Amino acid sequence: MQVSSLNEVKIYSLSCGKSLPEWLSDRKKRALQKKDVDVRRRIELIQDFEMPTVCTTIKVSKDGQYILATGTYKPRVRCYDTYQLSLKFERCLDSEVVTFETLSDDYSKIVFLHNDRYIEFHSQSGFYYKTRIPKFGRDFSYHYPSCDLYFVGASSEVYRLNLEQGRYLNPLQTDAAENNVCDINSVHGLFATGTIEGRVECWDPRTRSRVGLLDCALSSVTADSEINSLPTISALKFNGALTMAVGTSTGQVLLYDLRSDKPLLVKDHQYGLPIKSVHFQDSLDLILSADSRIIKMWNKNSGKIFTSLEPEHDINDVCLYPNSGMLLTASETPKMGIYYIPVLGPAPRWCSFLDNLTEELEENPESTVYDDYKFVTKKDLENLGLTHLIGSPFLRAYMHGFFMDIRLYHKVKLMVNPFAYEEYRKDRIRQKIAETRAQRVQLKKLPKVNKELALKLIEEEEEKQKSTWKKKVKSLPNILTDDRFKVMFENPDFQEEEEEPEGKPSDAESSESSDDEKDWVEEVRKQRRLLQQEERAKRQERLREDQQTVLKPQFYEIKAGEEFRSFKDSATKQKLANKTLEDRLKLEAKNGTLSVSDTTVGSKQLTFTLKRSEQQKKQQEAEKRHRQERKALRRSASHLRSRHRRGRSFH
């Protein structure tokens, strides 16, 4: 979102950024959005709100739900549904559209005036009827009470087409050679047409007779204006029953009261370009007049400029969204402009989130107005040697300085100071050194209150930082840097009392003690401080020894009867644990510890055999030998007993 400001009026451009080609596929558009930062950061308020080449006219339906725009090439009309924020339909036409009008509240009845003299009617379903007028048309208006369409163009006649009867009526004969624009007052139905001679003729549709004539060409010539040609009428707009604004081809806007033939106010755009459109903003008493280069907003009572908007491309048409601060423009570019000015009014209901978005941007204002431009003062131009560019298109005056292209600024600065990169490199090195220094333990001045407690906390913090290389220590807030405990080291009322030796009196009784007792207490405190200092010195010495200690490898002797298991066994077990059940079953089947067999019911039966280690095997063999030896001893003992019985019987 691009933000500009003039006279402290913020203007938010919602259509800035690059437009993607229409012929790109959705996949390529997504890939381009990932690569290009400008495309990714753009705000797409309404999806595909653009034309293939150029947009010529843009209007909003009376109910405010639909935005219709015509463009080329090919000639087409596009309708956007604001409730869905997307394109509703698109219809291609036979020729380019000069202007169009919606006769209904929505898009169901549309009339198009083409540049080949054809008038085309569209219904909700599409094309409905086409007819032709005798001369090339330039503008038309619809008179609701009589259902008449008034067409003006390259003729002195104003053609009337009655939609109720479906036929042409007798035209209105004007004194002009040609007519450029026309408008009908919605209050009393007065019809006005602007001629190429710089006059405005007013007609009463009820009597079909002219009731007034205004010579705007003569009134537009003032002492401050420079006019080189005859002013013709290029824009015309009614407001209420008695107010009318007229735009000329030489860049003046005349504000009239219908009760007088003299203009109330003449506003000059100072560009000498024809006025494209004029709109009234009633809430702030403003008039929005636009030529092909700039849109100016000024007070209709005093003529004082309120703000202005200067798009990058030439303007073809301007539309003010009803009862809001949104402005829509049709320009000589595929993208249609969307501008939001919160001062003019709130955002429309279908994009009410814009109010919250702009409020957040105002809370965090940015220093630059344009992303691709650099703001420089006159002194900066003198240092760069670019004062001769003042007044040229390379510099755009803004407040107390100028805006210039950022690429031109960097290029000139590099030519003026070729060693700028070296200075930048040195600055980066200094920043890196400063960052590393900030990570070191910095000596801080001890506070006046609770010095011993502060010193103890500093030592604990140092030990905690030094122990982080051994193990991860959970970081806890430091009392010295915590604002909640700041008063404890500043206010003397928070001074901690020293611990009194056992058997000594309290504070209330110590005031009555003798001088000897006070000296003894001071001596005890002094000795305790010395002991604390010695303890700190010992801790630091132990820490220094631990840091200087070099770890040496230790060797262990294997006891008799034990076997050394290589580290490969543990690695093999770890790999085996990471394998799936299928791989482990295959490996066990290969080693003979698993057998698979089919049962009678058709299922599988798995039998596992536990694998014994070498030590278990040796133990089992030793037990087996022991059992055999015991059997042999029992056999020999039984044999001796039997022989002894036989000897006794013999005797």
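Residues numbered from 1 in each chain as written. Predicted model: local features only at pLDDT ≥ 70, side-chain atom pairs only at ≥ 80, totals over all residues. Heavy atoms only, no water.

The name an unreviewed UniProt entry assigns to the protein is Nucleolar protein 10, from the organism Pteropus alecto. According to UniProt, the comment filed for the protein under the heading Subcellular location (unreviewed entry) is "Nucleus, Nucleolus". The annotation that UniProt attaches to the protein under Sequence similarities (unreviewed entry) is "Belongs to the WD repeat NOL10/ENP2 family." (UniProt positions renumbered as here; feature names shortened; annotations may be inferred.)

So, the overall build of the protein
Looking only at helices and strands, one finds 13 helices and 34 strands in the protein. Of all 651 residues assigned to the protein, the portion counted as buried reaches 35%. Restricting to contacts in the protein with at least 6 residues of sequence separation, those with at least 24 account for 43%. As displayed, the protein has an accessible area near 43600 Å², and 50% of this comes from carbon and sulfur atoms. (Helix = DSSP H or I, 4+ residues; strand = E, 2+ residues; numbered from the N terminus. Buried < 20%, exposed > 50% of the residue type's maximum accessible area, 1.4 Å probe, protein only. Contact = heavy atoms within 4.5 Å. Areas by Shrake-Rupley, 256 points an atom, 1.4 Å probe, with all protein chains shown as cover.)

Let's talk about the nonpolar core
Among the nonpolar cores identified, the biggest contains 24 residues, and Leu45, Phe49, Ile58, Ile67, Met326, Leu328 and Leu354 are the most heavily contacted of them. Among the elements of the structure, strand S3 (54-60), strand S4 (66-72), strand S28 (326-331) and strand S29 (337-340) are those that each provide at least two residues to this core. What Leu354 contacts, discounting residues up to four positions off in sequence, is Leu14, Leu45, Met326, Tyr340 and Ala347. Within the second largest apolar cluster, 15 residues are counted, among which are Val9, Ala290, Leu327 and Leu344. (Core = buried A, V, L, I, M, F, W, Y, C linked by side-chain atoms within 4.5 Å.)

Here we look at the packing of aromatic side chains
Scanning all chains against the criterion turns up 10 aromatic pairs. Note on Phe89 and Tyr107: the rings are 5.2 Å apart at their centroids and 50 degrees apart in plane angle, and the pair reads as tilted. Of this pair, Phe89 sits in strand S6 (residues 86-92) while Tyr107 sits in the loop between strand S7 (97-102) and strand S8 (110-114), and the two are 18 residues apart along the sequence. With relative accessibility at 14%, the residue Phe89 sits in the buried group. Judged by centre distance (4.6 Å) and plane angle (80 degrees), the rings of Tyr142 and Tyr144 are edge-to-face. A residue is classified by how much of its surface remains accessible, and Tyr142, at 16% relative accessible area, is buried. The structure contains a cluster of three or more aromatic residues connected by ring pairs, namely Tyr66, Phe89 and Tyr107. Looking at Arg91, its charged tip hangs above the ring of Phe89, at a distance of 4.1 Å from the centre. (Phe/Tyr/Trp six-rings, centres within 6.5 Å; stacked < 30°, edge-to-face > 60°. Lys NZ or Arg CZ within 6 Å of the ring centre and 35° of its normal.)

Quick word on the sheet that holds S7
Sheet architecture is open: 4 strands sit in the order S7-S8-S9-S10, paired in antiparallel fashion. With partners counted over all chains shown, the strands left at the sheet margins are S7 and strand S10 (127-132), one partner each. Neighbouring strand axes in the sheet, compared pairwise and without regard to direction, differ in orientation by 20 degrees on average. Both S8 and strand S9 (residues 118-122) contribute to a ladder of 4 bridges, which runs antiparallel. In the strand pairing of S9, Leu113 is matched with Ile119. (Pairing = 2+ DSSP bridges. Axes fitted to C-alpha atoms, helices over the stretch in contact; angles between N-to-C directions.)

A look at the pattern of salt bridges
Applying the stated criterion across every chain yields a total of 11 salt bridges. The residue Glu90 makes a salt bridge to Arg76 at a minimum N-O spacing of 2.4 Å. Within this pair, whereas Glu90 is found in strand S6, its partner Arg76 is found in strand S5 (residues 76-81), the two being separated by 14 residues in sequence. Of the charged contacts, one joins Asp405 and Arg407 as a salt bridge, the two residues approaching to 3.2 Å between their closest N and O atoms. A single network of salt bridges, built from pairs that share partners, joins Arg76, Arg78 and Glu90. (Salt bridge = Lys/Arg side-chain N within 4 Å of Asp/Glu carboxyl O.)

Notes on the pairing of strand S14 (residues 167-173)
Bridge count for strand S13 (residues 157-162) against S14 is 5 bridges, and the pairing is antiparallel. The residue bridging Asn162 from the neighbouring strand is Arg167, located in S14. Counted along the chain from S13 to the antiparallel partner S14, the turn is 4 residues long, and its residue Gly166 has a positive phi close to 75 degrees.

Some remarks on the pairing of strand S20 (residues 243-248)
In terms of residue burial, S20 counts as a mostly covered element, since 5 of its 6 residues are buried. In this structure, S20 lies alongside strand S21 (residues 252-257), joined through 5 bridges in antiparallel fashion. When the bridges of S21 are listed, Gly247 appears paired with Val253. Linking two consecutive strands that pair antiparallel, namely S20 and S21, is a turn of 3 residues; a positive phi of about 95 degrees is found at Gly251 within it.

Side note on the sheet that holds S14
With antiparallel pairing, the 4 strands of this open sheet are ordered in space as S11-S12-S13-S14. The sheet is open, and its two borders are formed by strand S11 (137-143) and S14, each paired with just one other strand. Shown here is a sheet whose adjacent strand axes are inclined to one another by a mean of 25 degrees, direction ignored. Here S11 pairs with strand S12 (residues 148-153) via 6 bridges, running antiparallel.

So, the state of the cysteines
Per the stated rule, a full pass over the model turns up 0 disulfides. Left unpaired, Cys216 is separated from the closest cysteine sulfur, that of Cys202, by 9.0 Å. Relative accessible area serves as the criterion here: at 0%, Cys216 is assigned to the buried category. (Disulfide = S-S within 2.5 Å.)

Digging into the side chain of Arg91
For Arg91, the location among the structural elements is in strand S6. This buried residue, Arg91, is left without a salt bridge; Glu120 holds the nearest opposite charge, at 7.9 Å. Among the polar contacts made by the side chain of Arg91, one reaches the main-chain carbonyl oxygen of Gln124 at a distance of 2.9 Å. Apart from the residues lying within four places of it in its own chain, the contact partners of Arg91 are Pro75, Arg76, Val77, His122, Ser123, Gln124, Ser125 and Gly126. (Lys, Arg positive; Asp, Glu negative; His and termini not counted. Polar contact = N/O pair within 3.5 Å; in protein donor to acceptor, adjacent residues only side chain to side chain.)

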